[in-house]
Structure formats: C-alpha cells, structure tokens
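Examining the three-dimensional arrangement
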Amino acid sequence: AANNLGLALAAMGEPLQAIEAYAVALAHEANHAKALGNMGMAMRAIGLHAEGVALLQTAVELAPLDSKNLNNLALALSKDGTTVHEAVRAFDQALALEPDEHTYWNNKGAALLAIDARAAEHCFQRALELAPGYKSAMANLQLVHNYSARS
C-alpha cells in the first residue's frame, strides 16, 4: 500500500513525499524491488542522481526480470552521458523481456542518438511500428532526419 501511495504522490509531482512513502514500504520489506526502483526514480527527480541509480541497480539485482526497473535504470544511465553503452545493454535486457514495448524502443533510440544515429533511427521506427502515431518516437525520428539532412 505504501508503494502505491508513493506512486500516486510521484504522479502528483511530490517526489519528497513519494520518497517517504517508499521508505515506509521498504521498512516493511527491505527487498521490495518495485519500491526500490520507484524510490530511485524519485531520488533522481530531486537531483540525487547517483543515489537514484544505486537504488535502481539494487532493484534490478533483486528482480532481474522486471522490465520496468531495467528500463528506468537504462534511462538513468543514459542521462549520465558517460554510461551510454551500459544504458543500451539495460534497454536490451528490458526489450528481451518485453520486445513489443514501444516506449522501451523509443528510450533506447534516444540513448543511441549520442553514439549511433542509424541504430537510433531503427529504434524509433520500431517504436512506430508497434505504436503508430507515438508522438515521442515521431519527434525523435524527425530529429534524426533533420540531423542527417545537415550532415
């Protein structure tokens, strides 16, 4: 229940209160992978990036088949800029579990933009195959095309 409260608070833009709710959930069950992952995202939302990544890594270690935590870890790593390859590996793990999750394809593409525009384009196209009209993938694909046109 406390984890769900944390999710609601996070959705309302209250990351500090969400962290408190996740802490309650973790006090009851220290190895609650979902609560750890959610707390990791909330920590990142308040600027505690390293702490958030560490919590997400622990969540993935506890529940390696949780594609959402893998995706969130990959997002966190891709924002770092120095761990793009590690982020792509985490996206690949999430996609191995849920190959038809269009948001994971889009997120992987966004991470790949920094190192491989062609691979990023493939990811955005795959996201659009799975979810035609998905605005984020359409915008990202346009970025790739605009960049390619200038090169």
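Sequence order as written defines residue numbering, which begins from 1 separately in each chain. Owing to the predicted nature of the model, reporting of local features is limited to residues with pLDDT of at least 70; listing and counting of side-chain atom pairs is limited to 80 or more, with chain, interface and lining totals taken over all residues. With hydrogens and water stripped out, all remaining heavy atoms of the structure feed into the side-chain values.

1. Observations regarding the overall build of the chain
In this description a helix means any DSSP run of H or I spanning at least four residues, a strand means any run of E spanning at least two, and both kinds are numbered starting from the N terminus. Tallying secondary structure elements over the chain gives 9 helices and 0 strands in all. Listing every helix and strand of the chain by position from the N terminus yields α-α-α-α-α-α-α-α-α. Rg of the C-alpha trace for the chain: 16 Å, near the compact-globule value of 15 Å for 151 residues, within the 12% margin. In the chain, which comprises 151 residues, the proportion classed as buried is 42%. Contacts: residue pairs with any heavy atoms within 4.5 Å of one another. Restricting to contacts in the chain with at least 6 residues of sequence separation, those with at least 24 account for 37%. Note on areas: Shrake-Rupley, 1.4 Å probe, and residue coverage restricted to the protein chains presented here. Working note: accessible area of the chain is about 8000 Å², and carbon and sulfur atoms make up 56% of it. Positive: Lys, Arg. Negative: Asp, Glu. His and the chain ends are not part of the count. Here the site of a charge means atom NZ of a Lys, CZ of an Arg, CG of an Asp or CD of a Glu. One finds the centroid of the 10 positive side-chain charges in the chain at a distance of 8 Å from the centroid of its 15 negative side-chain charges. Throughout, the radius of gyration refers to the C-alpha atoms, and the reference size of a globule is 2.2 Å times the residue count to the power 0.38. For each residue, the accessible area found with a 1.4 Å probe, counting protein chains only, is set against the maximum for its type, and the residue is called buried under 20%, exposed over 50%, and partly exposed in between.

2. Structural notes on the pattern of salt bridges
Salt bridge, as used here: a side-chain nitrogen of Lys or Arg that lies within 4 Å of a carboxyl oxygen of Asp or Glu. In the structure shown here, the tally under the stated rule is 4 salt bridges. Taking the shortest distance from any N to any O, the salt bridge between K34 and D66 comes out at 3.1 Å. Taken together, the residues K34 in helix α3 (residues 33–45) and D66 in the loop between α4 (49–62) and α5 (67–80) connect sequence positions 32 residues apart. Looking at K34, the relative accessible area reads 47%, which means it is partly exposed. By relative accessible area, which is 12% here, D66 ends up buried. One salt bridge connects D92 with K108, and the closest N-O pair in it is separated by 2.5 Å. In this pair, D92 is assigned in helix α6 (residues 84–97) and K108 in helix α7 (residues 102–112), connecting sequence segments 16 residues apart. One continuous salt-bridge network, built from bridges that share partners, spans D100, R126 and E129.

3. Side note on α6
An α-helical turn contains 3.6 residues, so any two residues separated by three or four positions project in the same direction. For α6, built from 14 residues, the straight-helix expectation of 20 Å at 1.5 Å per residue is met to within 8% by its first-to-last C-alpha distance of 20 Å. For α6, the full list of buried residues reads V84, A87, V88, A90, F91, A94 and L95. Relative to the axis of α6, the buried residues are bounded by an arc of 160 degrees and lie together on one face. Seen from the open side of α6, the exposed residues pointing more than 90 degrees away from its buried face are H85, R89 and A96. Looking at the buried positions of α6, the neighbouring elements they touch are α5 and α7. Helix span, expected: 1.5 Å multiplied by one less than the number of residues in the helix. Here the arc refers to the set of directions running from the helix axis out to each C-beta atom.

4. Quick word on the nonpolar core
Take the buried Ala, Val, Leu, Ile, Met, Phe, Trp, Tyr and Cys residues and link them wherever side-chain atoms come within 4.5 Å; each set so joined is a nonpolar core. V53, L73, L77, W105, L112 and F124 are the most contacted members of the largest nonpolar core, which totals 23 residues. Of all elements in the fold, only α4, α5, α6, α7, α8 (117–130) and α9 (135–150) reach the threshold of two or more residues within this core. Residue contacts for W105: discarding those within four places in its chain leaves L95, P99, H122, C123, R126, A127 and L130. In this structure, I19, A42, M43 and A59 belong to the second largest nonpolar core, which totals 15 residues.

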